[in-house]
Amino acid sequence: MDNANEATLRAQTTARLEKAMGTFGTAALASMEEQLPWFRRMPPEQRSWIGLVAQAGIAAFVEWFKNAEQSRPAIAAEVFGTAPRELMRSIKLKHTIDMVRVIIDVVETRLDELAAPGGAAQLREAILRYTRDVAFGAAQVYAQAAETRAAWDARLEALVVNAVLHGEVDDGMHSWAAALGWTSKPVVVIAGYAAEDEEPEASIDQMQLAARRARVDVLAGVQGRRVVVIVGGAEDPLEAARRIAAKCGPGPVVVGPPVDDLYDSTVSARAALAGLRAAAGWPDAPRPVLAAELLPERALDGDEAARRYLVEEVYKPMLAAGAPLLDTLATYLEQGSSLEATARLLFVHPNTVRYRLRRVSELTGLSPTDGRNAFTLRIALVLGRFESRGARD
């Protein structure tokens, strides 16, 4: 076919397309109503938006065909730009492809009517090219929307983590968390260090993936080299922390105490961060390690919450049980954990020492015969004596 004949056929077909264009949108919507169950379930407003998209797509095709297909059509702007943003959240990419397929079927069933005599092949080829570009354009629009949503989610996630770290946990922060789909309880905060050879975003992505495999929710943020991870819904926080620790860089990974919900998460965050700072005092600590296991290092590092806990929950219960209990513990620790030496200095039987040490374990949950627990008890004794001295002064 020479150029003159091709131009003539194109002009004649274009005239037919422009004449029938008004009925295309109606026919396409009717066909979608018949063939697509998800379309039938949509509210009327959203169906009308889809009608606008279909009409815009047909109009863009006619204009493109009229201009001899001289350039690639601006699909994203002309077709998908007619619908509100809300439509993007209601219709998946698969649904969009279904729509395109139905519209193609509607046009092809009327191909002989729409094309000028001898122009059916020309029109069919143009439709195939155009619908291919529509599919690529739809994919691009959805990819851009996903990228924008991911960037917004990352920003919200960082805001939630910062609010928890700064103790600014209020209803506004809960709204941000809810926008990210957060509904989990209980909550625990984990602190560690980012891998030096990896971008922070990549580290967070890896943690999110590990969290999904562990069936827990995660909100994570990187501040400098420090990684803070809020974990929700973990039945075993330490096990969830092990999965996350595998994605952190070298160094300690500290697990704060579980709390009831996001409102109380600041308590867990403070303990985890205090433990992270103090972990240098226990180089052989397990990874991950509970913040509660770092109480003596935290207290020595100036953590007031750890000091208060050791005084209130460890020293004072022993003090209330009577002076002999404290004297026995202090002597036992000073004598290098020797029962016999303690018994001789206190003029009691070794069994009496054993009984009093068991009472210490019952009251505090810490066994004096365990080296690590003995260190914690010694720090609690010192802090308790400091407080007693302050009361006398």
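Residues numbered from 1 in each chain as written. Predicted model: local features only at pLDDT ≥ 70, side-chain atom pairs only at ≥ 80, totals over all residues. Heavy atoms only, no water.

## Section: the packing of helix α16 (residues 339–346) against helix α17 (residues 350–364)
Here is step 1 of the chain: The interhelical angle for the contact between α16 and α17, taken along N-to-C directions, is 105°, at an axis separation of 8 Å. As summarised for this structure, α16 and α17 are arranged roughly perpendicular, according to the angle between their axes. Across the interface between the two elements, L339, T342, A343 and L346 from α16 touch P350, V353, R354, R356 and L357 from α17.
Here is step 2 of the chain: Grouping the amino acids of the contact of α16 with α17 by side-chain chemistry returns 6 nonpolar, 1 polar and 2 charged. (Axes fitted to C-alpha atoms, helices over the stretch in contact; angles between N-to-C directions. Helix = DSSP H or I, 4+ residues; strand = E, 2+ residues; numbered from the N terminus. Parallel < 35°, antiparallel > 145°, perpendicular 65-115°, else oblique. Contact = heavy atoms within 4.5 Å. Nonpolar A, V, L, I, M, F, W, Y, C, P; charged D, E, K, R; others polar.)

## A word on the pairing of strand β2 (residues 217–223)
Here is step 1 of the chain: Of the strand pairs in this sheet, β2 and strand β3 (residues 226–232) are connected by 7 bridges, and their pairing is antiparallel. Looking at the pairing, L219 lines up with I230 of β3.
Here is step 2 of the chain: Remark: 2 residues form the turn of the hairpin made by β2 and β3, two consecutive strands paired antiparallel; G224 in that turn has positive phi of roughly 70°. (Pairing = 2+ DSSP bridges.)

## Section: α16
Here is step 1 of the chain: All of the buried residues along α16 are L339, A341, T342 and A343.
Here is step 2 of the chain: Contacts from the buried residues of α16 go to α15 (323–334) and α17.
Here is step 3 of the chain: At the N-terminal end of α16, a side-chain oxygen is found 3.2 Å from the backbone nitrogen of A341, two or three residues along, and the residue is S338.
Here is step 4 of the chain: Positive phi shows up at F347, right after α16, with a value of about 55°. (Buried < 20%, exposed > 50% of the residue type's maximum accessible area, 1.4 Å probe, protein only. Polar contact = N/O pair within 3.5 Å; in protein donor to acceptor, adjacent residues only side chain to side chain.)

## Focus: the packing of aromatic side chains
Here is step 1 of the chain: Scanning all chains against the criterion turns up 0 aromatic pairs.
Here is step 2 of the chain: In this structure, R372 is placed above the aromatic ring of W282, and the distance from its NZ or CZ to the ring centre is 3.5 Å. (Phe/Tyr/Trp six-rings, centres within 6.5 Å; stacked < 30°, edge-to-face > 60°. Lys NZ or Arg CZ within 6 Å of the ring centre and 35° of its normal.)

Taken by themselves, the reported measurements are silent on function.
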